[in-house]
Amino acid sequence: MPILNRVEGVYIIHKNEKIPAKILYETENKIAFSIFHHSSLVERIKNENRLDFEAKQGNYDCYFQSKVNYFGFDLLQKQFILEIDYPPIFRRILRNY
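Notes on the structure in this doc start here.

**Some remarks on the overall build of the chain**
Right, so step 1: For the chain, the helix and strand inventory stands at 1 helix and 7 strands.
Right, so step 2: The linear arrangement of helices and strands in the chain, starting from the amino end, is β-β-β-α-β-β-β-β.
Right, so step 3: Taking 2.2 N^0.38 as the reference for a compact globule, 97 residues should give roughly 13 Å; the C-alpha atoms of the chain span a radius of gyration of 13 Å, in line with that estimate.
Right, so step 4: With the C-alpha coordinates aligned to their principal axes, the bounding extent of the chain is approximately 40 × 30 × 25 Å.

Given below as structure tokens:
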């Protein structure tokens, strides 16, 4: 079962800034995201080996960290593509509001 099933929003956290992302696909060992946000911060992601992620899933806040496998730009769709390894640790924290 996919860990990011019914996720409301995914954010890539880099240098204490959140970059919105959308899930393209999830397999048993990889997750791919599309990033529509175009800024210098997105360009700096391609030099990173590991990234932090935050997701909203129902009443839970989810956090995970993973290794970057691929980062590139899709000329047809005009978006960045980020592919990561399946995270070894996936934390879910119940929101209290």
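Having seen it, we continue.
**As for the nonpolar core**
Right, so step 1: Of all hydrophobic cores here, the largest spans 21 residues; its most connected members are Ile12, Phe33, Ile35, Phe53 and Leu82.
Right, so step 2: If you list the elements that add at least two residues to this core, you get strand S1 (9-14), strand S2 (17-26), strand S3 (30-35), helix H1 (40-45), strand S4 (50-57), strand S5 (60-74) and strand S6 (79-85).
Right, so step 3: In this view, leucine 82 contacts Ile12, Ile31, Ala32, Phe33, Ile35, Leu51, Phe53, Val68, Tyr70 and Phe71; residues no more than four positions away in its chain are not counted.

**So, the side chain of glutamate 83**
Right, so step 1: Position of glutamate 83 relative to the elements: it lies in strand S6.
Right, so step 2: Here glutamate 83 occupies a buried position and makes no salt bridge, while the nearest side chain of opposite charge, lysine 30, is found at 4.3 Å.
Right, so step 3: In contact with glutamate 83, not counting residues within four places along its chain, are Tyr25, Lys30, Ile31, Ala32, Lys67, Val68, Asn69 and Tyr70.

**A few points about the packing of aromatic side chains**
Right, so step 1: Counted under the stated rule, the structure contains 5 aromatic pairs.
Right, so step 2: Taking 5.3 Å as the distance between ring centres and 20° as the angle between the ring planes, the aromatic pair formed by phenylalanine 33 and phenylalanine 53 counts as stacked. A residue pair is termed long-range when its members are at least 10 positions apart, and phenylalanine 33 in strand S3 and phenylalanine 53 in strand S4 qualify at 20 residues.
Right, so step 3: Given a relative accessible area of 1%, phenylalanine 53 falls into the buried group.
Right, so step 4: Each member of the aromatic cluster is reached from another via a ring pair, and the members are Phe33, Phe53, Phe64 and Phe90.
Right, so step 5: Geometry around tyrosine 11 places lysine 18 over its ring, the cationic atom sitting 5.9 Å from the centre.
Right, so step 6: The ring of tyrosine 60 has arginine 92 sitting right over it, with the charged end atom 4.1 Å from the ring centre.

Cut-offs applied
- Residues numbered from 1 in each chain as written.
- Predicted model: local features only at pLDDT ≥ 70, side-chain atom pairs only at ≥ 80, totals over all residues.
- Heavy atoms only, no water.
- Helix = DSSP H or I, 4+ residues; strand = E, 2+ residues; numbered from the N terminus.
- Rg over C-alpha atoms; globule rule 2.2 N^0.38 Å.
- Core = buried A, V, L, I, M, F, W, Y, C linked by side-chain atoms within 4.5 Å.
- Buried < 20%, exposed > 50% of the residue type's maximum accessible area, 1.4 Å probe, protein only.
- Contact = heavy atoms within 4.5 Å.
- Lys, Arg positive; Asp, Glu negative; His and termini not counted.
- Salt bridge = Lys/Arg side-chain N within 4 Å of Asp/Glu carboxyl O.
- Phe/Tyr/Trp six-rings, centres within 6.5 Å; stacked < 30°, edge-to-face > 60°.
- Lys NZ or Arg CZ within 6 Å of the ring centre and 35° of its normal.

Any functional reading would require information beyond the geometric quantities listed.
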